[in-house]
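Breakdown of the fold
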Amino acid sequence: MTLKVFSQLPLAENGLIDDCGLASLAMAIHHSSNGAVSPGVKACIDAAAKAGRVDRFGKSDPTTFAQMVAAGKLLGATLTPAPSWAAAVAGMRKGQAAIVALLAPNAIPAHALSAWQRSNMKRRPGHTYRHAVALAIVDGEFVLADPTLSGKGAEANGIEISEAEARTLAHWGIDPVNAKRARPMLWLVSVKIPKAAIVTGK
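Here's what I pulled together on the structure shown here. Remember, it's a predicted structure, so these values are computed and weren't measured experimentally.

**Notes on the overall build of the protein**
Secondary structure assignment for the protein yields six helices and six strands. Written out in order from the N terminus, the α and β elements of the protein read α-α-α-β-α-β-α-β-β-β-α-β. Burial statistics for the protein: of 202 residues in total, 49% are counted as buried. Nonlocal contacts in the protein, meaning residues at least 24 apart in sequence, comprise 71% of its contacts between residues at least 6 apart. Carbon and sulfur atoms form 56% of the exposed surface of the protein, whose accessible area is close to 9,500 Å².

So this is what it looks like as structure tokens:
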């Protein structure tokens, strides 16, 4: 199974995008349930609103981790912080996807940058931002799915990266300087699949 991209780009607010965490949640739920539960980005945004997130149109309103956890719970998913890189890898080898918080574009391998990110880097040289992505192991290889990928054509699925690259981005942190954290800033996602599976997202 590939790591399917659920893009945040269609939900841009006057060019502003602030739903990376929830798009990553949508990707992680889809992957962790092997496609049986696929709420899509909009349903994750709606769940976060029920959890207390206030998203003002045209304003940068990121999702807190507590809101992510609560939104996931409403959708049948559990988000668990990985205590170590070894634990993160073990979970992903079992089929769990992970959500990673990092500083973009710095922490992302150059070949895994989305077209949107490459364009944004040209428009705003040196600009960095706190970001969330989905990470999984597919057929034994690490795959990164950035929510600024379009979800179409060559950007329909996540991009393969090395384990060293995956480990680096997981430990980068969200501060301007690479924190080289002792613990990864990564949450494993597990999904309880209901009898009538949730499939609303494309």
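**Remarks on the sheet that holds strand 2 (residues 97-104)**
Taken in spatial order, the six strands line up as 1-6-2-3-4-5 in an open sheet, and their pairing is antiparallel. Two strands close off the open sheet at either side, each with one partner strand: strand 1 (77-81) and strand 5 (159-161). On average, each strand axis in the sheet is inclined to that of its neighbour by 35 degrees, with strand direction left out of account.

**Considering the environment of Ala166**
Relative to the assigned elements, Ala166 resides in helix 6 (residues 163-172). You can call Ala166 buried: its relative accessible area is 0%. With 31 residues separating them in the primary sequence, Ala166 and Leu135 have C-alpha atoms 8.0 Å apart. Among residues more than four places away in sequence, those in contact with Ala166 are Trp85, Leu135, Phe142 and Ile161.

**Digging into the side chain of Ser32**
Along the polypeptide, Ser32 turns up in helix 1 (residues 20-32). Other than its neighbours up to four places away in sequence, Ser32 contacts Gly95, Gln96, Ala97, Val189 and Val191.

**What about the packing of aromatic side chains?**
A complete count under the given rule lists three aromatic pairs for this structure. For the ring pair Trp116 and Tyr129, a centre distance of 6.3 Å and an interplane angle of 85 degrees mean the geometry is edge-to-face. One end of the pair, Trp116, is in helix 5 (residues 115-123); the other, Tyr129, is in strand 3 (residues 129-138), with 13 residues separating them in the sequence. Classification of Trp116 as partly exposed rests on a relative accessible area of 24%.

**What about the pattern of salt bridges?**
Applying the stated criterion across every chain, the model contains one salt bridge. For the salt bridge of Asp46 with Lys42, the shortest nitrogen-to-oxygen distance reads 2.9 Å. Pair noted here: Asp46 and Lys42 are both in helix 2 (residues 40-50), with a separation of four residues, about one helical turn. You can call Asp46 partly exposed: its relative accessible area is 34%.

**Brief notes about the packing of helix 1 against helix 3 (residues 65-74)**
Relative to each other, helix 1 and helix 3 sit at 35 degrees, their axes nearing to 11 Å. Between helix 1 and helix 3 the crossing geometry is right-handed. Where helix 1 abuts helix 3, its residues Gly21, Leu22 and Leu25 lie against Met68, Ala71 and Gly72. Here the contact of helix 1 with helix 3 is built from residues that sort into four nonpolar, two polar and no charged.

About the cut-offs
Residues numbered from 1 in each chain as written. Predicted model: local features only at pLDDT ≥ 70, side-chain atom pairs only at ≥ 80, totals over all residues. Heavy atoms only, no water. Helix = DSSP H or I, 4+ residues; strand = E, 2+ residues; numbered from the N terminus. Buried < 20%, exposed > 50% of the residue type's maximum accessible area, 1.4 Å probe, protein only. Contact = heavy atoms within 4.5 Å. Areas by Shrake-Rupley, 256 points an atom, 1.4 Å probe, with all protein chains shown as cover. Pairing = 2+ DSSP bridges. Axes fitted to C-alpha atoms, helices over the stretch in contact; angles between N-to-C directions. Phe/Tyr/Trp six-rings, centres within 6.5 Å; stacked < 30°, edge-to-face > 60°. Salt bridge = Lys/Arg side-chain N within 4 Å of Asp/Glu carboxyl O. Left-handed = near helix turned anticlockwise from the far one by under 90°. Nonpolar A, V, L, I, M, F, W, Y, C, P; charged D, E, K, R; others polar.

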